[in-house]
Amino acid sequence: MGTASSLVSPGDLIEDGYGAEGGEACEIPVEVKPKARLLRSSFRRAPRGIGASFKSTGSVELEYAAEYERLRKDYEIFRVSKNNEIASMQKKEAKLDDENKRLRAELQALQKTYQKILREKESALEAKYQAMERAATFEHDRDKVKRQFKIFRETKEKEIQDLLRARRDLESKLQQLQAQGIQLYDPADSDSDDNRTSITNDWDAAVASLLQVSPHVSQVLWSNTVRCYLIYTQETRAELHAFVQTHSSGLKRFCEGLGHFYLNVCFPEEKAALYTEERKMEIERSSVCVLLLKSSLSSFVVEDVEEAFVKCPDSRPLLVYLKMGDRKGECGGASSLSPATRELLERVNNADKTAKVKVVDHAGSAEDGAALIYTQLEKIIKQELLGLEMDDSGVVEEREDVYSGDVLWDLHDEQEQIEAYQNICSTAANHSFQKYIDGLNDMVAAPPPTPPLLVSGGPGSGKSLLLAKWIELQQKHSPNTLILYHFVGRPLSTSAEPVLIIKRLTVKLLQHFWSISGLSMDPCKILEEFPRWLERLSARHHGNIIIVIDSIDQIQNAERHMKWLIDPLPANVRVLVSVNVETCPQAWRLWPTLHLDPLNPREVRSVINTACVNTDTKLTKDQEKKLERHCRSASTCNALYVSLLARLLTHSRSSLSLEKTLHHCLSCQDTVALYRLCFKVALDALNTDRERNAMKELLCLVCASHNGISESEVLEIFSELSFPALSSLLHSLRRLLIVTFGCGLIRFQHLQACEAVMQEFLDGARYYALYREKLICYFSQQLSQNRVTWRVADELPWLLQQQENRSKLQLSLLNLFVSQNLYKRGHFSELLAYWQFVGKDKVSMAAEYFDALKEFERGCESEASMSKLANLYETLGRFLKDLGLLSQAVAPLQRSLEIRETALDPDHPSVAQSLHQLAGVYIQWRKFGNAEQLYKQALEISENAYGAEHCSVARELDSLSLLYQKQNKYEQAEKLQKRSIKIRQKMARQKGHMYGFTLLRRRALQLEELTLGKDSADCAKTLNELGVLYYLQNNIDAAKVFLMRSLEMRQRVLGTDHPDCAQSLNNLAALHCERRDYESAEKLYERALDIRKRALAPDHPSLAYTLKHLAMLYKRRGKLEKAVPLYELALEIREKSFGPKHPSVATALVNLAVLYCQLKKHSEALPLYERALRVYEDSLGRLHPRVGETLKNLAVLSYEEGDFEKAAELYKRAMEIKEAEPSLVCGKALSRLSSSGDTFSLRSPALLPHTSR
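Residues numbered from 1 in each chain as written. Predicted model: local features only at pLDDT ≥ 70, side-chain atom pairs only at ≥ 80, totals over all residues. Heavy atoms only, no water.

Further remarks concern the overall build of the protein chain. A tally of helices and strands in the protein chain yields 47 helices and 15 strands. Taking all 1253 residues of the protein chain together, 49% fall into the buried category. Of the contacts formed within the protein chain by residues at least 6 apart in sequence, a portion of 73% connects residues at least 24 apart. For the protein chain, the accessible surface area stands at approximately 62,400 Å², while carbon and sulfur atoms represent 52% of it. (Helix = DSSP H or I, 4+ residues; strand = E, 2+ residues; numbered from the N terminus. Buried < 20%, exposed > 50% of the residue type's maximum accessible area, 1.4 Å probe, protein only. Contact = heavy atoms within 4.5 Å. Areas by Shrake-Rupley, 256 points an atom, 1.4 Å probe, with all protein chains shown as cover.)

Next comes the structure, spelled out in structure tokens:
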């Protein structure tokens, strides 16, 4: 067959190869003439002329025949030569075809070889990258634990102080019991085996024992306020004045930025005698006490020091400032102190058992002394009170926020509910609620389906108190029951916002199930989706779920917003709500109801008598009869009325004023009237008109505010009011049940108190408006000073809305930090309601925000301002996304991403946050491809920044999982979801069920307290746990001290051959491995192994544990021959303990096979690998990562033996398993099986590889 190149076009030249030697180039004619004509023309010799003669016919024929014969011969020769040439060309063609086939086969072989080499190169690079990732993850985890322990070491001294105080209380009770002749049983004297400690096989078990403590979060600050109690003398007044005037404002701004209040508590020395009770109360509430001394002392200073520094030195951080002699010739140091001062300091020093008191000596100016006090106070507040982490220069380091997904909610709301519950539970009311509690128990225990249970009663009948007491009992007796509660406050307050209530309950539910993702921010959807969340989560909870909502009728349009109450509840869910009889919706009256009756005469008498006994007040029989006759109607014998009546009677100390007060009380026929009498009593007790006016103004401001008003705000609004006067006033109002504190805010204890203020001082809407304007001016002034705190965001927009000032409301909302504060604290519905009140729809609102952001961006130059700008853009994008304005939401989120990538770093965690939010918009837009790419980028950044097992990584995995579910990629989604759940569960275990390292810190302090007693097995166990805890925090020195003490105590108490001693030896060996002191570790492991061999059964798991780690140590140190029998014995023990087909047995087989390979005993290693492979395949499945690791090891072994084809086949199968695993961005966790075959526990110390010299 020819090719296209063999065809010749007309006019081309060809070479004649058939002529003589060279051939001649001739032109092929365009047209071919007939052959006959060609033949005739060949006979012509010359042109025939006119008159020429012709030859004869015969001669012509002869010539023709000869010519014909010649031509025939030529033709035959030509034909034969052409046939020969064709045959030759065919042979050449066949030969070329064979050569072409051979070359193609070689090319294919080379391509296969190239692909194989390329795959091997990629595998080698992948293995290199994985090794680098494992090393980076290890270093990152190490640094992270180091940072976390820094917080553990520096921020929670108050926990041990609480324990010391509890210890003293117990010791005093013990002494009382012993004084009464009661003999106490000492568990240490028992011979029972129950007193022996259990053997901790590894670090995981040790950590598990550490976390067996009730997750109770202590209240470091009293009502969200940093209260600094200052004790000073006349000689240190200058330092105090300089500190208050110059430095306290900085502490106040810092605390406000973190959502707390700051307050200086100080009583002037000349007026201290007037406020004895208030001083004791303030010392008890104080967060930190500061004593400023020089030489002289007054009796009031001694009393305060006695109360704060001597009686309860461990209740709070303490600071002593000593002003030394600064004049020429005046002696410095302790010699300048007076004998009384030295004696007082000696008593403080003796009471300071734990050396917690910080002392500052200063001999310079007052301003320098104030600066020293400020520096120490700032450190105490940041580290000990607020738990912030500081670097060496004293700068607060950024903390990783606790993961809350995309759910934004207000911690102040949560703290308000906790305080409300605690305040109600601490009420010393002598009411008999047992019959009602039994009724609630019976109603809750009723078989499903059960509608909501209604607790009804009149105002002040004790519904809140009953529910709080019942919740307290349920938490004690039913620990498996999940109880969610919410106490509704005043109408129109934040606690009465239905969307915030339901969102808070939903988040509290979701927090118990590892994830709070997927919760909508749309107010309507939050209310609609709550029943579905409740149904889904109740199916996963093993116990009952009880939801308690107190005063639900105070919610505006409660029946419309709480439609889910009408729907059937899940079988294990019970709902309790309390309502006033008058305001209960008609549809709810059909539910099972528990009605609270008024108090009977006996209960009334009991409440009043108890209050009188506590205050040494005595009533005459005539007065008792008058009270009994008065408290008979429904309005005068409810719980609140009787409690308030008792407070009023005991408020008067003289018999004359008591009779007068009783006369006025008997004229009050309801609780509101009695509260108005309380106001008069409180006003009469004040000394000056200024204080009386301040009390009226204070109550009116509380009534006019949204959620209340803080003490620091009161002092700023009423600049002429001193703190001692305010403290005395508030103390009196609290005793009369008028006000209370919630999250640092002054609020009314009961709604009737608010109604009484409105009737007594706010007669008409005009006065309401005046006090709201006063608050508006105050918060507007803060806004103008760029002090955008949570208080400004809470109060100012609400006040402007109540005043119907739309223009100013819009201006306040366009302050980007106000809107950001509201949105980030979860007040989404309020922010939306404000804009609707202004008259702006969603699109115009978005345009207003864009314009405000562009204006703000023009003034941003520094890195800090650019970071704030990025946060503002992100907040706006999320807000618009939640509103459903997806097209408008993309631009601010992209701008936030650009700013963070430019100003920070492309790999900064904030960039991952921007990517995550932008991906959420694309999901709602159904652009799944773009969203997947963004989520993967965010996941990669989070893994690089935090490690593979961080809550941020779990969040991205959850998001990717939901995305794959939307795309029907259920297999990929399931893998990601499993990895996310594993991360969350591990994080929760490490943090003590989502309470963070606070639990570990508290547990460490508790353990330190327990080790102060005499030697015992329990004390030795506690010391061992402490050593484990410090080891986990990378404090090797402290861990060694406690582990050595544990070992020595166990040897003294239990004997040197006890298994617990082996446990301590084992832990010490692991610690020495961490220090790379392998020789000491080897000796300790050998001692532990010797004890466990003699004390435990041959197949005990603890024995295998020690064998494994000693063998690993031998292998790392190159002592392979000594490691072999240990690995063999460990394999034998695992086979006896778990059976021959358990994955742990396969792991032991792999470990032994790897060791044989290192000894070049390939024939002995091969059957071990093959057996391990069969066990892994049978128990874990053919596609498990451990199967792939074993195949890879088998491939290496086959390669070393020269069986390349088998090695290639095994390696190919191993790579197929690896490719089947989820990739790094799709949730792949690093394999716990190293290439050498050793399996490390996540808690066990990773031995460094032995490097030969």
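Below, the discussion takes up the pattern of salt bridges. Evaluation of the coordinates by the stated rule reveals 48 salt bridges. For the salt bridge of R692 with D689, the shortest nitrogen-to-oxygen distance reads 2.7 Å. Of the two residues, R692 and D689 are both situated in helix α21 (residues 689-704); the distance of 3 residues between them amounts to about one turn of the helix. Residue classification places R692 among the partly exposed positions, given a relative accessible area of 25%. Exposure remark for D689: the relative accessible area of 60% places this residue in the exposed category. Across the pair R1213 and E1177 runs a salt bridge, and its minimum N-O distance is 2.4 Å. With a gap of 36 residues between them, R1213 in helix α47 (residues 1204-1220) and E1177 in helix α45 (residues 1162-1180) connect regions that are remote in the sequence. (Salt bridge = Lys/Arg side-chain N within 4 Å of Asp/Glu carboxyl O.)

Before going further, it helps to spend a moment on the side chain of D352. Tracing the backbone shows D352 in the loop between α8 (339-351) and β7 (358-362). Here D352 falls in the buried class, since its relative accessible area comes to 12%. A distance of 3.1 Å separates a polar atom in the side chain of D352 from the backbone nitrogen of V357. (Polar contact = N/O pair within 3.5 Å; in protein donor to acceptor, adjacent residues only side chain to side chain.)

This part takes up the pairing of strand β9 (residues 482-487). The two faces of the sheet receive side chains in turn, since in a regular strand these alternate between them. The element β9 is extensively covered by neighbouring structure, given that 6 of its 6 residues are classed as buried. Inspection of the sheet shows β9 paired to strand β10 (residues 545-550) by 6 bridges, in the parallel sense. Across the sheet, the residue bridging to F487 is D550, located in β10. (Pairing = 2+ DSSP bridges.)

This paragraph deals with the sheet that holds strand β13 (residues 709-710). Strands sit in the order β13-β15-β14 across an open sheet of 3 strands; the sheet is antiparallel. The outermost strands of the open sheet, each flanked by one partner alone, are β13 and β14 (739-742). The pairing of β13 with strand β15 (residues 745-748) spans 2 bridges and is antiparallel. Bridge pairing in β15 places S710 opposite L745. Across the sheet, α21 lies against β13, β14 and β15, angled at about 85° from β15, the strand it touches most. (Axes fitted to C-alpha atoms, helices over the stretch in contact; angles between N-to-C directions.)

This part is about the confidence of the model for the protein chain. On average, residues of the protein chain score 78 in pLDDT, and 80% of them are at 70 or above. Considering each helix and strand of the protein chain separately, the mean pLDDT is smallest for strand β1 (residues 13-14), with a value of 36, and largest for β13, with 94. Segment residues 1222-1253: pLDDT under 50, and 85 contacts once partners within four positions in sequence are set aside and those in other chains are kept. (pLDDT = per-residue confidence, 0-100.)

Here we take up a negative patch on the surface. A surface patch of negative charge is lined by E122, E126, E1216 and E1219. Where the negative patch is concerned, the elements lending two or more residues are α2 (57-154) and α47. Looking at the secondary structure, you find E126 in helix α2. (Patch = residues over 30% accessible without salt bridge, like charges linked within 9 Å, V, L, I, M, F, W, Y side chains within 5 Å. Lys, Arg positive; Asp, Glu negative; His and termini not counted. Charge placed at Lys NZ, Arg CZ, Asp CG, Glu CD.)

With that out of the way, let us pick up the packing of α21 against helix α24 (residues 751-760). Remark: α21 packs on α24, axes separated minimally by 10 Å, with the N-to-C direction vectors making an angle of 115°. You can see that α21 and α24 cross each other, and the crossing is left-handed. Across the interface between the two elements, L699, C700 and C703 from α21 touch C754, V757 and M758 from α24. In the contact of α21 with α24, the residues fall into 6 nonpolar, no polar and no charged. (Left-handed = near helix turned anticlockwise from the far one by under 90°. Nonpolar A, V, L, I, M, F, W, Y, C, P; charged D, E, K, R; others polar.)

So, about helix α41 (residues 1078-1095). Between the first and last C-alpha of α41 there are 25 Å, a value that for 18 residues agrees with the 26 Å anticipated at 1.5 Å per step. What α41 keeps buried is the set Y1078, A1081, E1082, L1084, Y1085, A1088, L1089, I1091 and R1092. At its buried positions, α41 is contacted by α40 (1059-1074), α42 (1101-1116) and α43 (1120-1138). (Expected span 1.5 Å × (residues − 1).)

Below, the discussion takes up the sheet that holds strand β3 (residues 225-231). One open sheet holds the 5 strands; their spatial order is β4-β3-β5-β6-β7, and the pairing between them is parallel. Single-partner strands in this sheet number two, and they are β4 (261-266) and β7. Averaged over all neighbouring strand pairs, the angle between strand axes comes to 20°, with direction disregarded. As paired elements, strand β6 (residues 318-323) and β7 share 5 bridges and run parallel to each other. Following the sheet pairing, L322 is matched in β7 by D361. Relative to β3, helix α6 (residues 276-285) is tilted by about 130°, and along the sheet it contacts β3 and β4. Against the sheet, helix α7 (residues 299-311) touches β3, β5 (288-293) and β6, its axis set at about 145° to β5.

Before going further, it helps to spend a moment on the environment of L853. You can see L853 is positioned in helix α30 (residues 842-858). In this structure L853 comes out as buried when scored by relative accessible area, which is 1%. It is 9.3 Å that separates the C-alpha atoms of L853 and L876, two residues lying 23 residues apart in sequence. Leave out the neighbours within four places in its chain, and L853 touches L816, L869, L872, Y873 and L876.

Quick look at the packing of aromatic side chains now. Inspection of every chain in the model, using the stated rule, returns 21 aromatic pairs. Each ring, one from F530 and one from W564, has its centre 4.8 Å from the other, and the planes form 75°; the classification is edge-to-face. Pair noted here: F530 is in helix α14 (residues 523-540) and W564 is in the loop between α15 (558-561) and β11 (573-580), with a separation of 34 residues, a long-range link. Exposure class is identical for F530 and W564. Each is buried. Members of the aromatic cluster, connected to one another through ring pairs, are Y823, F828, W835, Y849 and F879. Its guanidinium or amino end placed over the ring of Y485, R504 lies 6.0 Å from that ring's centre, counting from NZ or CZ. Over the face of the ring belonging to W790 we find R791, whose NZ or CZ atom lies 5.9 Å from the ring centre. (Phe/Tyr/Trp six-rings, centres within 6.5 Å; stacked < 30°, edge-to-face > 60°. Lys NZ or Arg CZ within 6 Å of the ring centre and 35° of its normal.)

As a further point, take the packing of α41 against α42. Where α41 contacts α42, the axes come no closer than 9 Å and their chain directions differ by 155°. As judged from the angle between their axes, α41 and α42 are roughly antiparallel. Seen along the crossing, α41 lies across α42 with a hand that is left-handed. Listed contacts from α42 to Y1078, A1081, E1082, Y1085, E1086, A1088, L1089, R1092 and K1093 of α41 are S1102, L1103, Y1105, T1106, L1107, H1109, L1110, L1113 and Y1114. In terms of residue class, the contact of α41 with α42 is built from 11 nonpolar, 3 polar and 4 charged. (Parallel < 35°, antiparallel > 145°, perpendicular 65-115°, else oblique.)

Glancing now at the nonpolar core. Nonpolar side chains tend toward joint burial in soluble globular proteins. Counting 165 residues, the largest nonpolar core has F309, I608, L698, L699, I738, F748 and Y849 as its most contacted members. Shared between two domains, this core takes at least three residues from each, and those domains are domain 2 (225-325 + 337-385) and domain 4 (598-669). The residues touching L698, leaving out its near neighbours within four places in the chain, are I709, V714, F718, L726, L729, L730, L733 and I746. Grouped together as the second largest cluster of nonpolar side chains are 72 residues, M1049, L1168, L1173 and I1217 included. (Core = buried A, V, L, I, M, F, W, Y, C linked by side-chain atoms within 4.5 Å. Domains from an automatic or database assignment.)

Within the element layout of this structure, A351 appears in helix α8. Look at A351 and you get buried, because its relative accessible area is 16%. In the structure, A351 is positioned 41 residues away from V310 in sequence and 5.4 Å away in space, judged by C-alpha atoms. Filtering out sequence-adjacent residues up to four positions away, A351 remains in contact with F309, V310 and P313.

On to the environment of P1143, then. Relative to the helices and strands, P1143 is located in helix α44 (residues 1143-1158). When its relative accessible area of 17% is taken as the criterion, P1143 is described as buried. For the pair P1143 and D1178, spaced 35 residues apart in sequence, the C-alpha separation works out to 9.2 Å.

Attention now moves to a nonpolar patch on the surface. On the surface, L125, Y129 and M132 cluster together into a nonpolar patch covering about 290 Å² of accessible area. You can see M132 is positioned in helix α2. Residue classification places M132 among the partly exposed residues on the basis of a relative accessible area of 46%.

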